[in-house]
Amino acid sequence: MLKHDALSFLGFYKESRRDIIFIIVAGIFTIIIMFIPTGFEGSAAYSNSIRSRVRVKNVNNEMLKIIGPVRQGDQQLDVEVLNKRFKGQIHSTSNNLIGKMELDKIYMEGDIAFAVLRLTDDEKIAHVQMIDHYRTHKTIFLAVCFIAAMILIMGWMGIKTLISFTFTIMALVRILYPMILHGWNPIFASILIALLITSLTLFLVGGLSRRALTAFLGASGGILVTSILAFVFTSWFKIHGAVRPFTENLLFTGFGHLNLAHLFIAGVFIAASGAMTDLSMDVAAAMDEIKKQQPEISRFALMRSGYTVARQASGTMTTTLLLAYSAEYTAMIMVFIAQGVPLENIINMIWVSSEIVHTLVGSFGLILVAPLTVFAGGMLLKK
């Protein structure tokens, strides 16, 4: 009895048999992707070394130059290795600060840090390279809380959303990014993965139904149109692509074949694809519900009702997209405002122009999702 009540609470019995099979297959597929090798596991940068937690035992800041909030120079550190193999060993190392707060790490006595231990040929520690503060346990704790909240609050839908969420991460990290590094065109590879993520997400959430197919057709159409617009306007605005942190570093770490402009274009429609998926499902679900409540409704009336919903949903979604993107350049705009830089100067700077293209092209594609989904819904749901 309790098991039946629990399953009813989760919404398990609302799923058809084929949907449950699809969910199980999607979960297994996601787990398999987790173990796909990227091809870069044997990087020479970390050969003959191990990763370890270390505890900062002593800090010497005498070699630091402090100018306002900026610190430059070397922190001299004594650290205790917490790795089982070398547990308790004390080693001296340095933490170089270059005067950039976004890259520098400041350590204090008692801090637990993440480090790479460089080993000698006879398997002894030659050097301790400080990486950053240790956050693995905090990340695990936050992830567990997120998973628990999703399942407790959303029930069976939370489990499906969790599979979709995990699949998206794995598809990007294990498939898309390695594909690009191995020489695939960033635009073509990103379109394939974006469509794969969109299809799995929509068919997980909406089931193997015409409603989900309607949403997929609308979202995929929006992704394809956005990719074309991003290509056109990135070329027209003469954006070279090296406008994101660490992008230029790729060229100097053995990946000079990468087209950074194409990488930027791919980022535009990938970033917008999530909002497109959301909007298309909202419109498709509304049209499907209207069709169920009024089976005799005409195709034109169904599309008109769907378009009414789509206009209102897209009206708020474009603002949502703007707010989501604005966090990336808030500080930059504040600096320009504080210095009294004229507006025309601001919009002609490549960093600002790239964000304008990113935001407006993404929003443009989002607006186009509405009529595409309405048309697909009129053709499929009324059939």
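Above: the structure in question.
First, a word on what this report is: a plain description of the structure on this page. (Residues numbered from 1 in each chain as written. Predicted model: local features only at pLDDT ≥ 70, side-chain atom pairs only at ≥ 80, totals over all residues. Heavy atoms only, no water.)

**What to know about the overall build of the protein chain**
How we decide: Helix and strand assignments follow DSSP, with helices taken as H or I runs no shorter than four residues and strands as E runs no shorter than two, numbered in order from the N terminus. Exposure categories follow from relative accessible area, calculated using a 1.4 Å probe and restricted to protein chains: below 20% of the type maximum is buried, above 50% is exposed, and the middle band is partly exposed. What sets the accessible areas is the Shrake-Rupley method with a 1.4 Å probe; for residues, cover comes only from the shown protein chains. The convention is simple: Lys and Arg are positive, Asp and Glu are negative, and His and the chain ends are not counted. Note on charges: their place is set at NZ of Lys, CZ of Arg, CG of Asp or CD of Glu.
Along its length, the protein chain carries twelve helices and six strands. If one aligns the C-alpha atoms of the protein chain with their principal axes, the spans along those axes are about 80 × 65 × 35 Å. Counting only residues that meet the buried cut, the protein chain has 40% of its 383 residues in that class. Here the protein chain displays about 21,700 Å² of accessible surface, and carbon together with sulfur accounts for 65% of that area. Taking the average place of the 32 positive charges on the side chains of the protein chain and the average place of its 25 negative ones, the gap between the two points comes to 9 Å.

**A short note on the pairing of strand S3 (residues 70-81)**
Short version of the rule: Strand pairing follows a simple DSSP-based rule, namely that at least 2 bridges must link the two strands.
Both strand S1 (residues 49-60) and S3 contribute to a ladder of six bridges, which runs antiparallel. Each residue of the ladder has a partner; that of Val 54, found in S3, is Val 81. Pairing of strand S2 (residues 64-67) with S3 involves four bridges; the strand directions are antiparallel. Bridge pairing in S3 places Leu 64 opposite Gly 73. Here S2 folds back onto S3, and the loop between the two strands holds two residues, one of which, Gly 68, carries a positive phi near 65°. Alignment of S3 against strand S4 (residues 90-98), held across nine bridges, turns out to be antiparallel. Bridge pairing links Glu 80 to Ile 90 in S4.

**Regarding the nonpolar core**
For the record, the criterion: The set of buried Ala, Val, Leu, Ile, Met, Phe, Trp, Tyr and Cys residues whose side-chain atoms join them within 4.5 Å is what this entry labels a nonpolar core. Throughout, a residue-residue contact means that at least one pair of heavy atoms, one from each residue, lies within 4.5 Å.
Among the nonpolar cores identified, the biggest contains 34 residues, and Phe 269 and Leu 366 are the most heavily contacted of them. With eleven residues, helix H8 (residues 260-293) is the single largest residue contributor to this core. With residues up to four places along the chain from it excluded, the contact list for Leu 366 reads Ala 275, Met 276, Leu 279, Met 317, Thr 318 and Leu 321. Among the nonpolar cores identified, the runner-up in size contains 21 residues, and Ile 23, Phe 167, Met 179 and Leu 260 belong to it.

**Examining the packing of helix H4 (residues 156-181) against helix H5 (residues 186-206)**
The criterion, for reference: Axes here mean lines fitted to C-alpha atoms, for a helix over just the part in contact, with angles spanning 0 to 180 degrees between N-to-C directions. Put simply, angles under 35 degrees are roughly parallel, angles over 145 are roughly antiparallel, angles from 65 to 115 are roughly perpendicular, and the rest are oblique. Ten residue types, Ala, Val, Leu, Ile, Met, Phe, Trp, Tyr, Cys and Pro, are classed as nonpolar, four, Asp, Glu, Lys and Arg, as charged, and the remainder, Gly among them, as polar.
Where H4 contacts H5, the axes come no closer than 10 Å and their chain directions differ by 170°. Judged on the interaxial angle alone, H5 and H4 are roughly antiparallel. When H4 is examined against H5, the residues Met 157, Lys 160, Ile 163, Ser 164, Phe 167, Thr 168, Ala 171, Leu 172, Ile 175, Leu 176, Met 179 and Ile 180 are found in contact with a partner set consisting of Pro 186, Ala 189, Ser 190, Ile 193, Leu 196, Ile 197, Leu 200, Thr 201, Leu 204 and Val 205. Grouping the constituent residues of the contact of H4 with H5 by class yields 17 nonpolar, four polar and one charged.

**Describing helix H2 (residues 17-34)**
Definition in use: The span expected for a helix works out to 1.5 Å for each residue beyond the first. Regarding the arc, it is the one traced by the directions from the helix axis to the C-beta atoms.
Here H2 is 18 residues long and its end C-alpha atoms lie 26 Å apart, about the 26 Å a rise of 1.5 Å per residue gives. Every buried residue of H2 is listed here: Asp 19, Ile 20, Ile 23, Ala 26, Gly 27, Thr 30 and Ile 33. Seen from one end, H2 has its buried residues packed into an arc of 145°, which puts them on one side. Opposite the buried face of H2, at more than 90 degrees from it, the exposed residues are Arg 17, Arg 18 and Ile 32. Here the buried face of H2 lies against H4 and H5.

**Details of unusual backbone geometry**
At Glu 123, a position not held by glycine, the phi torsion is positive, near 65°. In the Ramachandran plot, Lys 238 falls in the positive-phi region, its phi being about 55° despite a non-glycine side chain. With respect to the helices and strands, the residue Lys 238 is situated in the loop between helix H6 (210-236) and helix H7 (247-251).

**Brief notes about the packing of aromatic side chains**
The criterion, for reference: Here the aromatic set is Phe, Tyr and Trp, taking the six-membered ring for Trp, and pairing holds for ring centres within 6.5 Å; pairs whose planes are under 30 degrees apart are stacked, those over 60 apart are edge-to-face, and all others are tilted. Working rule: Lys NZ or Arg CZ, within 6 Å of ring centre, within 35 degrees of ring normal, means a charge sits over the ring.
The full count for this structure, using the stated rule, is seven aromatic pairs. For the pair Phe 146 and Phe 165, a centre-to-centre distance of 5.3 Å together with 50° between the ring planes defines the contact as tilted. Here the residue Phe 146 occupies a position in helix H3 (residues 136-154), and Phe 165 occupies one in helix H4, the gap between them amounting to 19 residues. According to the relative accessible area criterion, Phe 165 is partly exposed, its value standing at 42%. With a centroid separation of 5.9 Å and an interplanar angle of 80°, the aromatic rings of Trp 236 and Phe 237 are classed as edge-to-face. A relative accessible area of 65% places Trp 236 in the exposed class. Three or more aromatic residues joined by ring pairs make a cluster, and in this case those are Phe 233, Trp 236 and Phe 237. Here Arg 53 stacks its cationic end above the ring of Tyr 134, 5.6 Å away from the centre of that ring.

**Considerations on the side chain of Ser 273**
Using the following cut-off: N or O atoms within 3.5 Å of each other form a polar contact, as long as, within protein, one can give a hydrogen and the other can take it, and as long as residues adjacent in sequence are counted only when both atoms are side-chain atoms.
Following the sequence through the fold, Ser 273 ends up in helix H8. Classification of Ser 273 by relative accessible area gives buried; the value is 10%. Reaching out from Ser 273, the side chain makes a polar contact with the backbone oxygen of Ile 270 at a distance of 2.7 Å.

**Examining a nonpolar patch on the surface**
The condition is simple: A patch consists of residues whose relative accessible area exceeds 30% and which take part in no salt bridge; residues with like charges are grouped when within 9 Å of each other, and nonpolar side chains (Val, Leu, Ile, Met, Phe, Trp, Tyr) when within 5 Å. By definition here, a salt bridge exists when the distance from a side-chain nitrogen of Lys or Arg to a carboxyl oxygen of Asp or Glu is within 4 Å.
Side chains of Ile 24, Ile 28, Phe 29, Ile 32, Ile 36 and Leu 196 sit close together on the surface and give an oily, nonpolar patch of about 500 Å² of accessible area. Position of Ile 32 among the secondary structure elements: in helix H2.

**A short note on the packing of H3 against H4**
Axis separation between H3 and H4 bottoms out at 6 Å; the angle between their running directions is 140°. Judged by residue contacts, Phe 146, Ile 147, Met 150, Ile 151 and Met 154 of H3 engage Trp 156, Met 157, Gly 158, Ile 159, Thr 161, Leu 162 and Phe 165 from H4. The residue makeup of the contact of H3 with H4, split by class, is ten nonpolar, two polar and no charged.

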